[in-house]
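For reference, the chains in residue letters:
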Amino acid sequence: MESEQAVFYSRLLTELTLSFHIIYATIGVGIPFLIFLAQWLGIKKQDEHYILLARRWTRGFVITVAVGVVTGTAIGLQLNLLWPTFMELAGHVIALPLFMETFAFFFEAIFLGIYLYTWDRFRDQRKHMLLLVPVAIGASFSAVFITMVNAFMNAPQGFELANGELINVEPLVAMFNPAMPTKVSHVVATAYMTSAFVLAAIGAFRLLRGSNHIYHKKALLLTLKVGLVFSIASAIIGDFAGKYLAEYQPEKLAAMEWHFETEEQASLTLLGFLANGEEIKFSIEVPYALSILAHGDPNAEVIGLDQFAEDEIPPLYIHYLFNIMVIIGMITMIIALFYIVGNALNRTFVKNRFFLWLIVSSGPLSMIAIEAGWWLAEVGRQPWVLRGILRTENAATTSNHVDFMLLFFIGLYLVLGLASVIVLTRMFKNNPVERELLDQQRNGR
Amino acid sequence: MSYEIIGIVVLWLFLFGYIIVASIDFGAGFFHAYSVLTNKHHIISKIVQRYLSPVWEVTNVFLVFFFVGIVGFFPSTAYYYGTVLLVPASLSLILLAIRGSYYAFTTYGKLRSKFWTYLYGFSGLFIPASLSIVLTISEGGFVEEDNNELSLQYATLFASPLTWSIVILSLTSVLYISAVFLTWYANKAKDQPATDLLRKYALIWAGPAIITATGIIIELRTHNPVHFQRMLDLWWMFAISGILFITTVYLIWQKRSYGLAFFLLTGQFFIAFYAYGISHYPYLLYPYLTIDEGFTSEGMAIALIIAFIAGFCLLIPSLWLLLRLFLFNKDYVEGKIK
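Residues numbered from 1 in each chain as written. Chains lettered and ligands numbered in written order. Predicted model: local features only at pLDDT ≥ 70, side-chain atom pairs only at ≥ 80, totals over all residues. Heavy atoms only, no water.

**Side note on the overall build of chain A**
(1) Moving on: Scanning chain A for helices and strands turns up 15 helices and eight strands.
(2) Moving on: Against the globule reference of 22 Å for 445 residues, chain A gives a C-alpha radius of gyration of 23 Å, in line with a compact fold.
(3) Moving on: With respect to the three principal axes, the spread of C-alpha positions in chain A is 75 × 45 × 40 Å.
(4) Moving on: Here chain A holds 445 residues, and 58% of them are scored as buried.
(5) Moving on: Considering only intrachain contacts with a sequence separation of at least 6, the fraction spanning at least 24 residues in chain A is 77%.
(6) Moving on: The positive charge centre, built from 30 side chains, and the negative charge centre, built from 36, are 25 Å apart in chain A. (Helix = DSSP H or I, 4+ residues; strand = E, 2+ residues; numbered from the N terminus. Rg over C-alpha atoms; globule rule 2.2 N^0.38 Å. Buried < 20%, exposed > 50% of the residue type's maximum accessible area, 1.4 Å probe, protein only. Contact = heavy atoms within 4.5 Å. Lys, Arg positive; Asp, Glu negative; His and termini not counted. Charge placed at Lys NZ, Arg CZ, Asp CG, Glu CD.)

Structural data, given as structure tokens:
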């Protein structure tokens, strides 16, 4: 009984830390790339608006990075504290990318520190811009390496188990597992996409709040272009991810699609809810679509939940998470597309208040999609922490104090979350773009 | 040299690096908070802020490096220490979070609040205290194994004089290391009042630091005789460390060569830290875990060492650039450029 409680609270605390950290981590991966784009455009077009965009984004970005460092350290250490058995096993096989992630982050932190304090030290602006390259590379590679570890949890390989001992460990084979390509590219693409929509939302919000400055319009067009490109990329990668699941984790695919019976020409279930266990109501069935998603062939057979033991399938509510993720991805893609096309054709609807509110919503919505996606990834792997090898309930700590620690961390994240919102809003409210541009002109820059 | 020795030597180096840079960071935060409390912040807060702002994230990475690295090289530590350290390490994490958010909100976010400054300054003393518990636990006698379940004996731990000696050592050495470094930094910045004040702090904390360090060796004689004996065998290392200590204090007393003084201090701690580490060999956790039993497979060890060398080649030039632009840049240190 006691150990069951330890498992329950360990899961809860990990879910909490991961859900909180992923907000800052996603922004941390995507925004350096956008700052780079803005500064590059500014230098190329000799347009001070883009330079200022880079400067202001950086100012907000460092706050999210600092909080991300804190929560990242928390998740890193917590994994050892809450899942000691899993980490012992993981240490033997998948320690390499974990180790490399710290290098990537180290690299990023050093250059971010330099970039931040050297805005006016270089006569040639391009030299300062180049400092962002290691920042952006370090940030993206942090995501790549960590996601490799997560991919390994879904498709463990590169070792053999003999009498409970791990033998013939091949670190590179473990790193480059079958789940790796789709997972890594999906995480990186959605981080760029989400960061772009979050920044677009801020720009749209300023326009709604009465500012009519061209600065915000430039910001909006730039971020929505990036958002469109990466939401399309994410969707395409998502399709590949479906094919990966069909081959390597069919139970996850079947659970998230509510595909109960193994069949050919399988249809895809959209929306709906589940009544009495297995009865799907109010759903939209798209014929052949699941077979196409899984195997790229409308007649292909898709394995259903009937092929798996009751205690080896993930909870069925992941279908909702999957739908939230996909639908939000579609909505934001359409918003970005309409804005870009409307803007190119000089249509007035892009200035419409309702449409601007839609853009504002794209920021929080894409963050919700990120959360839903990670919950789908983690809950969808259950009951395994290492698929097919180590069950979650056998991996948790046996300590009795996890519930207590949970309370501490809830308090910590509340303070951190609230403080970051207050500090960020105050920072930009007290120093609007108009005033900063005026100051710059006065100082003769 | 076998792979496990290479592994532990490298990890020990990172832990040493963390102890030095984090001590500077923690102590600086404490002196800063203390100066606000006693209305002397006009003297040292500029020096502290100018040094700390660009480098704090780097400090944190040293710690992450150490715990990620030790799980990589010695996966069994994840099981033993992970289970046992849930409460102390979680508390350290929360304290570290408070410090990190100080930079986020006060330095970058321009949130002016004395409350955060105090929280930041005093958390800097609690973190070394809570982290140093790990060293105490590693000496053995505080962990019980029962039906394959490990548990930390809190009552024994808190009643042990060893625990408190190590806690006090961590505090005194944090303040000593930090004061010596900042004296040098303030002197480089040609800030005479700050140099004088920090020099005074350095001299005040030198005595307590060396007394507590000696005290721990004596504690170990009863607590862990095996370790104590191995330490006696390495008496010459501790002797060199002691000579370096005396030279450092002498230089600071004479107001001479602060840079050299800090360098000698680093040497003093380096030698003492490795002497402690070597005498701890082969145990990672008395008496449960040795470095041979806990070691990862050969393939992983080679991969980690290669990754480490490659990463090092990337990092050393970057760190050099960081130091050149901030720590060793005369105009920056003197506050002429931001």
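**A closer look at the interface of chain B and chain A**
(1) Moving on: Facing the 67 residues of chain B at the interface are 60 residues of chain A.
(2) Moving on: Summed over both partners, the interface of chain B with chain A comes to about 5,600 Å²; 80% of that surface belongs to carbon and sulfur atoms.
(3) Moving on: For the pair chain B and chain A, the interface holds zero salt bridges.
(4) Moving on: Linking chain B with chain A are two residue pairs in polar contact (both at pLDDT 80 or more).
(5) Moving on: For the side of chain B that touches chain A, the secondary structure elements donating two or more residues are α3 (56-73), α4 (76-84), α5 (86-108), β2 (149-152) and α13 (298-327) of chain B.
(6) Moving on: The leading source of residues in the side of chain B that touches chain A is α13(B), at 16 residues.
(7) Moving on: Looking at the side of chain B that touches chain A, its residues break down into 45 nonpolar, 18 polar and four charged. (Buried area = accessible area lost by both parts, 1.4 Å probe. Salt bridge = Lys/Arg side-chain N within 4 Å of Asp/Glu carboxyl O. Polar contact = N/O pair within 3.5 Å; in protein donor to acceptor, adjacent residues only side chain to side chain. Nonpolar A, V, L, I, M, F, W, Y, C, P; charged D, E, K, R; others polar.)

**Quick look at the nonpolar core**
(1) Moving on: One finds A:Phe86, A:Ile359 and B:Ile137 to be the most contacted residues of the largest nonpolar core, which totals 272 residues.
(2) Moving on: In this structure A:Ile359 touches A:Ala200, A:Ala201, A:Ala204, A:Leu220, A:Leu224, A:Ile335 and A:Tyr339, once residues within four positions along its chain are discounted. (Core = buried A, V, L, I, M, F, W, Y, C linked by side-chain atoms within 4.5 Å.)

**Considerations on a nonpolar patch on the surface**
(1) Moving on: Together, A:Val326, A:Met330, A:Ile334, A:Leu337, A:Phe338, A:Val341 and A:Leu345 line one region of the surface with nonpolar side chains, adding up to about 590 Å² of accessible area.
(2) Moving on: In this structure, A:Val341 sits in helix α12 (residues 318-344). (Patch = residues over 30% accessible without salt bridge, like charges linked within 9 Å, V, L, I, M, F, W, Y side chains within 5 Å. Areas by Shrake-Rupley, 256 points an atom, 1.4 Å probe, with all protein chains shown as cover.)

**What about helix α11 (residues 235-253) of chain B?**
Residues three or four positions apart in an α-helix share a direction because the helix packs 3.6 residues into each turn.
All names here are of chain B.
(1) Moving on: Spanning 19 residues, α11 covers 27 Å between terminal C-alpha atoms, matching the ideal 27 Å at 1.5 Å per step.
(2) Moving on: Elements that come into contact with the buried residues of α11 comprise α8 (161-188), α9 (192-223) and α12 (258-280).
(3) Moving on: Count one or two residues on from α11 and you reach Lys-255, which has phi positive near 55 degrees. (Expected span 1.5 Å × (residues − 1).)

**Some points on the packing of helix α2 (residues 48-82) of chain A against helix α14 (residues 402-429) of chain A**
All names here are of chain A.
(1) Moving on: The contact between α2 and α14 brings their axes to 10 Å, and the two run at 175 degrees. On the basis of their axis angle, the class for α2 and α14 is roughly antiparallel. Within the contact between the two elements, α2 uses Arg-56, Arg-59, Gly-60, Ile-63, Thr-64, Val-67, Val-70, Thr-71, Ala-74, Gln-78 and Leu-82 and α14 uses Val-402, Phe-409, Tyr-413, Leu-416, Val-423, Leu-424, Met-427 and Phe-428. (Axes fitted to C-alpha atoms, helices over the stretch in contact; angles between N-to-C directions. Parallel < 35°, antiparallel > 145°, perpendicular 65-115°, else oblique.)

**Digging into a negative patch on the surface**
Residue and element names in this part refer to chain A.
(1) Moving on: On the surface, a cluster of negative charge is made up of Glu-261, Glu-263, Glu-278, Asp-306 and Glu-310.
(2) Moving on: Residue placement: Glu-263 occurs in strand β3 (residues 263-264).
(3) Moving on: Overall, Glu-263 belongs to the partly exposed group, its relative accessible area being 35%.

**Digging into the packing of aromatic side chains**
All names here are of chain A.
(1) Moving on: According to the stated counting rule, one finds 49 aromatic pairs over all chains in the structure shown.
(2) Moving on: A centroid spacing of 6.4 Å and a plane angle of 5 degrees characterise the contact between Tyr-339 and Phe-355, whose relative ring orientation is stacked. Within this pair, whereas Tyr-339 is found in helix α12, its partner Phe-355 is found in helix α13 (residues 353-379), the two being separated by 16 residues in sequence.
(3) Moving on: Among the residues examined, Tyr-339 registers a relative accessible area of 4% and is labelled buried.
(4) Moving on: Looking at Phe-355, the relative accessible area reads 8%, which means it is buried. (Phe/Tyr/Trp six-rings, centres within 6.5 Å; stacked < 30°, edge-to-face > 60°.)

**Some thoughts on the pattern of salt bridges**
Residue and element names in this part refer to chain A.
(1) Moving on: Scanning the model with the defined rule gives eight salt bridges over all chains in all.
(2) Moving on: Its salt-bridge partner being Arg-11, residue Glu-15 comes within 3.9 Å of it at the nearest N-O pair. Of the two residues, Glu-15 and Arg-11 both sit in helix α1 (residues 2-45), four residues apart, roughly one turn of that helix.
(3) Moving on: Given the relative accessible area of 29%, Arg-11 is considered partly exposed.
(4) Moving on: Linking Glu-378 and Arg-381 is a salt bridge whose minimum nitrogen-to-oxygen distance equals 3.2 Å.
(5) Moving on: When salt bridges with common partners are traced through the structure, they connect Asp-311, Arg-391 and Glu-393 into a single cluster.

Everything listed here is a matter of geometry and, on its own, says nothing about what the molecule does.
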